[in-house]
Amino acid sequence: MSCDVVIGVDAGGTSTRCVVAALDGRVLSRGRAGGANQNSSADPSAAFAEVLRAALAPAGDVRVVGAVFGVAGASEAGREHAEATVGRAWRAQELPGTPVVRDDITVAFAAGTAQRTGSVLIAGTGAAAALVDDGEVVRRCDGYGWLLGDEGSAVWLGLAGLRAVMAGIDGRGPATALTTALAAELGIAPGDNQLIIRAVYAMHPAELGRLAPEVARAATAGDGVAASIVAQAAGLLLRNLGAVRAGAPAGAPVVLAGSLLAGGPVADAVREGLRGEGVRPGFGADGAVGAAGLALRAVGAPESGYAALLARAQ
């Protein structure tokens, strides 16, 4: 017998994840593909098609009754383009109906709490803070992409690390362990700024985020330059969260999301800053789960299914 399901997709700059969930909150299958950020990934439509195939193949005999896609870069300015990209992939899989496309910010918040109103701070490939109300972003800070913002993100950390390396090489700044660490990650010899230039400008912007773990490791190991970069990143993230929390109701939840806030020195510094304000944040471990929760709510499934979905994801 066919099982009614919803699909939740979380598309970031580094990876795209998909959850197929029954209406009672059971996760039937998952899928994963490459990045699908509208502003910084190479081929978002192909990533959507791949992740849908990967998730639906093991799901068995199911009937899709709803779907929510949380797409990085699908804010008001990019919503129409994201809807077209998602629609092409959806139709290519011959799936029924029309999926709902939202900003990845809303699904990150929905992955950390079933409450409808609160604040979320995301720091992964990109970075943003937002006040969310009933599935919509009502106030946001940053999330403007690698060129105009995303301060404190993995890409921001990677770029800050590279700039510190270049400054150390040409004498504008102090020596740093990042010179060797980032060169190794780029697959080049350390200390040659021309090699760094060629390697970096050959990369897609989102790929710079892969350098962030090296910056974090160097900071943990005691490198002063890397530690300063990490501290600056945490300060920027807390500032942005503070800007949106000013409009939140008293006692509204705060959700952290993204790879940088899952653990490590940036996460530690952000949590320490929030503890100083008396805030104990939740964590949205998987935006695809949040998207599936919003899809359950959109099709009128019992709220108990959403709660069960989140409980199983923790």
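Placed above this text is the structure.
Parameters and conventions
- Residue numbers run consecutively from 1 along every chain, following the written order of its sequence.
- Given that this is a predicted model, residues contribute local features only at a pLDDT of at least 70 and side-chain atom pairs are listed and counted only at 80 or more, while totals for whole chains, interfaces and linings are drawn from all residues.
- As a convention, hydrogens and water are excluded, and side-chain values are obtained from all of the structure's heavy atoms.
- Throughout this description, buried means an accessible area under 20% of the type-specific maximum (1.4 Å probe, protein chains only), exposed means over 50%, and partly exposed covers the range between.
- Secondary structure elements follow DSSP: runs of H or I of four or more residues count as helices, runs of E of two or more count as strands, with numbering from the N terminus.
- Strand pairing is defined by DSSP finding a minimum of two bridges between the two strands.
- Two aromatic rings from Phe, Tyr or Trp, using only the six-membered ring of Trp, form a pair when their centres are within 6.5 Å; if the ring planes differ by under 30 degrees the pair is stacked, by over 60 it is edge-to-face, and anything between is tilted.
- Only the stretch in contact is used when a helix axis is fitted, and all axes are lines through C-alpha atoms; the angle between N-to-C directions ranges over 0 to 180 degrees.
- Angular relationships are summarised with four words: roughly parallel below 35 degrees, roughly antiparallel beyond 145, roughly perpendicular across 65 to 115, and oblique for the angles in between.
- In this scheme, a crossing is called left-handed if the near helix is turned counterclockwise away from the far one by less than a right angle; it is called right-handed if the turn is clockwise.
- Residue contacts are defined here by distance: any two heavy atoms, one from each residue, within 4.5 Å place the two residues in contact.
- For this classification, Asp, Glu, Lys and Arg are treated as charged, while Ala, Val, Leu, Ile, Met, Phe, Trp, Tyr, Cys and Pro are nonpolar and the rest, including Gly, are polar.

Enquirer: Even after reading the chapter, I still don't get the pairing of strand β9 (residues 254-257), so can you show me in this structure?
Expert: Successive side chains on a regular strand alternate, one facing one side of the sheet and the next facing the other. Neither face of β9 is exposed, since V254 and L256 on one face and V255 and A257 on the opposite face are all buried. Where strand β6 (residues 117-123) meets β9, 4 bridges bridge the pair, whose relative direction is parallel. Its bridge partner lying in β9, V120 is registered against V255. Two strands pair when backbone bridges link them, and β9 and strand β10 (residues 282-284) are joined in this way by 3 bridges, in the parallel orientation. Paired with A257 across the bridge in β10 is G284.

Enquirer: Would you explain the packing of aromatic side chains in this entry?
Expert: Here the distance between the centres and the angle between the planes together describe a pair of aromatic rings. Applying the stated criterion across every chain yields a total of 2 aromatic pairs. Centroid distance F48 to F69: 5.6 Å. Interplanar angle 80°. Geometry classified as edge-to-face. Separated by 21 residues along the polypeptide, F48 in helix α1 (residues 44-56) and F69 in strand β4 (residues 62-71) bring together distant segments of the chain. Considered together, F48 and F69 belong to a single accessibility category, that of buried residues. Residues F69 and W90 carry aromatic rings whose centres are separated by 5.9 Å and whose planes lie at 80° to one another, so their mutual orientation is edge-to-face. Taken together, the positions of F69 in strand β4 and W90 in helix α2 (residues 79-92) put the pair 21 residues apart, joining distant regions of the chain. As far as the burial class goes, F69 and W90 line up, both buried. Grouped by ring-pair contacts, the aromatic residues F48, F69 and W90 constitute a single cluster.

Enquirer: When you look at the packing of α1 against α2 in this model, what are you seeing that I'm missing?
Expert: Their axes nearest at 8 Å, the elements α1 and α2 cross at an angle of 40°. Here α1 is positioned oblique relative to α2, judged by the angle of their axes. In terms of crossing hand, the pair formed by α1 and α2 is right-handed. Counting all contacts with α1, which are made through P44, S45, F48, A49 and L52, the residues of α2 involved are T85, V86, R88, A89 and W90. Each residue belonging to the contact of α1 with α2 can be placed in one class, and the counts come to 7 nonpolar, 2 polar and 1 charged.

Enquirer: Looking at this structure, I do not really get the sheet that holds β6. What am I missing?
Expert: Hydrogen bonding along the main chain pairs the strands of a sheet, whether they run parallel or antiparallel. Spatial ordering of the open sheet is given by β8-β7-β6-β9-β10, a layout of 5 strands whose pairing is mixed. The sheet is open, and its two edges are formed by β8 (136-142) and β10, each paired on a single side. The mean angle between the axes of side-by-side strands here comes to 25°, regardless of whether they run parallel or antiparallel. Helix-sheet contacts for helix α9 (residues 224-245) involve β6, β7 (127-133), β8 and β9, and the interaxial angle to β6 is about 160°.

Enquirer: Honestly, the sheet that holds strand β1 (residues 3-11) in this entry has me stumped. Any pointers?
Expert: Taken in spatial order, the 5 strands of this open sheet run β3-β2-β1-β4-β5, and their pairing is mixed. In this open sheet, the two strands that pair with only one neighbour each are β3 (27-34) and β5 (100-103). Strand-to-strand, the axes of this sheet are offset by a mean angle of 20°, without reference to chain direction. Taken together, the 7 bridges between β1 and strand β2 (residues 15-22) define a ladder with antiparallel strand orientation. What sits directly across from V9, in β2, is C18.

Enquirer: Sorry if this is basic, but what is going on with the pairing of β4 here?
Expert: Counted residue by residue, β4 has 7 buried out of 10 residues, so it is predominantly covered. Relative to β4, β1 is paired through 9 bridges, and the arrangement is parallel. Bridged to D4 within β4 is R63. Relative to β5, β4 runs parallel, the two sharing 4 bridges. Residue pairing for β5: F69 is matched across the bridge by V101.

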